[in-house]
Amino acid sequence: MAKLERIRSMEDDLRVRILTCEAEILMFLKENEGRKLSDLYEVSKYSHVTIHDYIRRLMAADIIAKASFDGDGRRVSYMLTEKAGKVLDGLYRQIEGLT
């Protein structure tokens, strides 16, 4: 089971929010590189408006980037920047070291 799904399950069991919206977006993109926003909306507990606002903030901070999907400029996918990917790789290694 993916880490995001494990955390989601814990949140449901505890009835508390563990992840911030930013963390949820980053973990989703780490586990699902190059996905569309609609894919994130389907698994997120945050509203579309909230996710979109945070996507813009993360793009402005050069943490995520977008690219045309199938060459169509109206459809875009999102991915982590190289710098963000390295940071998350390190975080995932630390988490796996705890288990």
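Since this is a predicted model, take the numbers as computed values, not measurements. Position numbers for residues start from 1 in each chain and track the written sequence from start to end. Where totals are concerned, whole chains, interfaces and linings use all residues; where local detail is concerned, this predicted model gives features only for residues with pLDDT of at least 70, and gives and counts side-chain atom pairs only at 80 or more. Water and hydrogen atoms play no part in the side-chain values, which are based on all heavy atoms of the structure.

Asks: I'm lost on the pattern of salt bridges in this one. Help?
Replies: Side chains bearing opposite charge may pair, as long as their charged atoms lie close to each other. Salt bridges are defined as contacts in which a side-chain nitrogen from Lys or Arg sits within 4 Å of a carboxyl oxygen from Asp or Glu. Under the counting rule described, the total for this entry stands at four salt bridges. With its nearest N and O atoms 2.5 Å apart, the salt bridge here joins R56 to D53. Note that R56 and D53 are positioned in helix α4 (residues 48-60) at a spacing of three residues, about one turn of the helix. By definition, any uninterrupted DSSP run of H or I lasting at least four residues is a helix, any uninterrupted run of E lasting at least two residues is a strand, and each is numbered from the N terminus.

Asks: Got a minute to help me understand α4 in this structure?
Replies: Residues separated by three or four positions in an α-helix point in the same direction, a consequence of the helix having 3.6 residues per turn. Compared with an ideal rise of 1.5 Å per residue, which puts 13 residues at 18 Å, α4 spans 18 Å between its outermost C-alpha atoms and is within 8% of the ideal. Accessible area is worked out with a 1.4 Å probe on protein chains only. A residue is then buried under 20% of its type maximum, exposed over 50%, and partly exposed in between. Within the sequence span of α4, burial applies to I51, I55 and L58. Taken down its axis, α4 places every buried residue within 70° of arc, on the same side. Away from the buried face of α4 by more than 90 degrees, exposed residues V49, R57 and A60 are located. One or two positions beyond α4, positive phi appears at D62, with a value near 60°. To estimate the expected span of a helix, count its residues, drop one, and scale the result by 1.5 Å. Comment: arc refers to directions from the helix axis out to C-beta atoms.

Asks: Just to check I follow, could you spell out empty space enclosed by the protein for this structure?
Replies: To find leftover empty space, a probe the size of one water molecule is rolled over the atoms. Detection works on a 1 Å grid of protein atoms alone, calling trapped sets that fit a 1.4 Å probe cavities and calling open sets with protein on both sides within 12 Å along at least five of seven lines pockets, with lining residues defined by an atom within 4 Å of a point. Grid points are joined across faces, edges and corners, and a volume is the space filled by probe spheres set on the points. A complete count under the given rule lists one cavity of 30 Å³ or more for this structure. Looking at the largest cavity, its volume works out to about 40 Å³. Taken together, F28, L29, R35, K36, L37, L40, I55 and Y78 make up the lining of the largest cavity. Elements with a minimum of two residues in the lining of the largest cavity: α2 (21-31) and α3 (37-43). Throughout, the ten residues Ala, Val, Leu, Ile, Met, Phe, Trp, Tyr, Cys and Pro are labelled nonpolar, Asp, Glu, Lys and Arg are labelled charged, and all others, Gly among them, are labelled polar. When the residues that make up the lining of the largest cavity are grouped by side-chain class, the tally is six nonpolar, no polar and two charged.

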